[in-house]
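Architecture and fold: a report
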Amino acid sequence: MLKLPENFENYEEARREGFLKVKALKEKGVPVVGIFCTYTPIELIHAAGAVAVSLCGTSEEPIHYAEKHLPKNLCPLIKSSYGFAISEQCPYFYFSDLIVGETTCDGKKKMYELLGEIKPVHVMHLPQGQDKKHAFEYWREELIRLKEALEDRFNVKITDEILREEIKKRNRERKILLDYYELGKLNPSPITGSEINETIEALGFQFDRKAQCDFILERTRELKEKYDRELKGTKSSRPRILITGCPVGGVRDKVLRTIEDSGADIVAFENCSGVREKMTLVDESKDPIDALTEKYLNVSCSVMTPNPRRFEALDEMIDEYEIDAVIEVVLQACHTFNIESHKVKRFVTEKKKKPYLCLETDYSKTDVGQINTRVNALIEML
Ligand code: BJ8
């Protein structure tokens, strides 16, 4: 059984343990592919016999290295990821045989050009919208281009049969993860948002997919039992919060723990640190490349214009998770989420009649006090 740090205070420990695991995989000749985004069709990477590892930086530490090449006024996730790469502080980057990126935001796509000077990088060109004809065809071509790049680099043949198998496996993993995230629908919730976020990110460094599933299944079972035994039928006075916006792994302490320490429960994540990618499965009855194209094109990130699926998801989730307020986290200089936040605010306050707070922040500690004050002010009025 997979071991995760008991108190979930040790994301860094899980990350360090993962170094040895990825090294062992490399010694066995298993290829490693570094990825950055929810648009990555991970099934293709698995079908090539490789493991995928997220290289998204969540630490402030390497940012000063990145700022030697990148502007200060850039998203901290991009700077942290790049800083890890150039300072050789990230064994996952070091062991990656190939990096797969997508042309999502401007910062990421230009950063990939620089990464390409130190590692082989394959960039998938993401359409800017999601229409079923032009965007679908364009993205489908990009999936085929990735498939061919993986076949060439790793000297393998990705057959439809292997791909179908990987689609099934990944769908099963999605269902297991979705069940875990949906513990937040229980009222009172038996799990904190910080635990959900930290567990999922720590699991990403474990690589043994069966053990990951076993761990999540077991934890979900334990927490459902805890709910039945201790919480069912009780009422909590803590407001229920939905987090939306940018990925939040890099601001877990500053934002997530502050919200929970201030007396609210984070019960849902409508972002890439949450259910966004897990809510729809890949259609197993279709041609595998068509099905993967459809699935990944529909990811509801603000880099898409327009981005209606995000609002559909918010609509559904605010009701299903019995949300009292929405907090949007925008990483500094993330223009797409920052601009879309105006529509999100209108949607949440006018259509759903719920309070909304937008926190624009980075990975530094300079605004800890200000975030504390704003979060407390919101929670007091709930
Ligand atoms: S699908 S959220 S993982 S792009 S926060 S680097 S957008 S400037 S991380 Fe993302 Fe894929 Fe979208 Fe998800 Fe740029 Fe914004 Fe930074 Fe971002």
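Coordinates for the structure precede this section.
Counting restarts for each chain: residues are numbered from 1 in the order of the written sequence. Local features in this predicted model are restricted to residues of pLDDT 70 or higher, and side-chain atom pairs are both shown and tallied only at a pLDDT of 80 or more, whereas totals for entire chains, interfaces and linings draw on every residue. Computation of side-chain values covers all heavy atoms of the structure but excludes hydrogens and water.

Only one rule defines a salt bridge in this text: a Lys or Arg side-chain nitrogen within 4 Å of an Asp or Glu carboxyl oxygen. Applying the stated criterion across every chain yields a total of 43 salt bridges. A salt bridge links Lys351 to Asp315, with the shortest nitrogen-to-oxygen separation between them at 3.3 Å. Separated by 36 residues along the polypeptide, Lys351 in helix H14 (residues 335–351) and Asp315 in helix H13 (residues 308–320) bring together distant segments of the chain. Residue burial is assigned from relative accessible area. The probe radius is 1.4 Å, only protein chains are included, and a residue is buried under 20% of its type maximum, exposed over 50%, and partly exposed in between. Given the relative accessible area of 23%, Asp315 is considered partly exposed. Counted as one network, the salt bridges with shared partners bring together Glu43, Arg174, Glu277, Lys278 and Lys295. Counting from the N terminus, the helices are DSSP H or I runs at least four residues long and the strands are E runs at least two residues long.

Strands in a sheet are paired, the pairing made by backbone hydrogen bonds, and the direction either parallel or antiparallel. A pair of strands is labelled paired if DSSP reports no fewer than 2 bridges between them. Here we have four strands laid out as an open sheet, ordered E2-E1-E3-E4, and parallel in their pairing. Each edge of the sheet is formed by a strand with only one pairing partner; in this case those strands are strand E2 (51–54) and strand E4 (121–124). Averaged over all adjacent pairs, the angle separating strand axes in this sheet is 25°, with direction ignored. Where strand E3 (residues 98–102) and E4 come together, four bridges link them in parallel fashion. If you follow Glu102 over to E4, its bridge partner there is Met124. Residue contacts are defined here by distance: any two heavy atoms, one from each residue, within 4.5 Å place the two residues in contact. Note on definitions: angles span 0 to 180 degrees between N-to-C directions of axes, and those axes are lines fitted to C-alpha atoms, for helices only across the stretch in contact. With respect to the sheet, helix H7 (residues 134–154) is in contact with strand E1 (32–35), E3 and E4, its orientation differing from that of E4 by roughly 165°.

This part is about the packing of aromatic side chains. Only Phe, Tyr and Trp rings take part, Trp by its six-membered ring, and two of them pair if their centres are within 6.5 Å. Stacked means planes under 30 degrees apart, edge-to-face means over 60, and tilted covers everything else. Enumeration according to the criterion identifies seven aromatic pairs in this entry. Aromatic side chains Tyr94 and Phe95 sit 5.1 Å apart centroid to centroid with 75° between the ring planes, which places their arrangement in the edge-to-face category. Residue Tyr94 is classed as exposed on the basis of its relative accessible area, which comes to 58%. Taken together, the ring pairs connect Phe19, Tyr92, Phe205 and Phe207 into an aromatic cluster.

Below, the discussion takes up the pairing of strand E7 (residues 325–331). Across the seven residues that make up E7, a large majority, seven, are buried. Neither face of E7 is open: one carries Ala325, Ile327, Val329 and Leu331, the other Val326, Glu328 and Val330, and all of them are buried. Strand direction decides the pairing type here: strand E5 (residues 240–245) and E7, joined by five bridges, are parallel. When the bridges of E7 are listed, Thr244 appears paired with Glu328. In this sheet, strand E8 (residues 356–361) lies alongside E7 in parallel orientation, the contact comprising six bridges. Looking across to E8, one finds that Val330 is bridged to Glu360.

Read these as layout, nothing more, since geometry by itself doesn't imply function.
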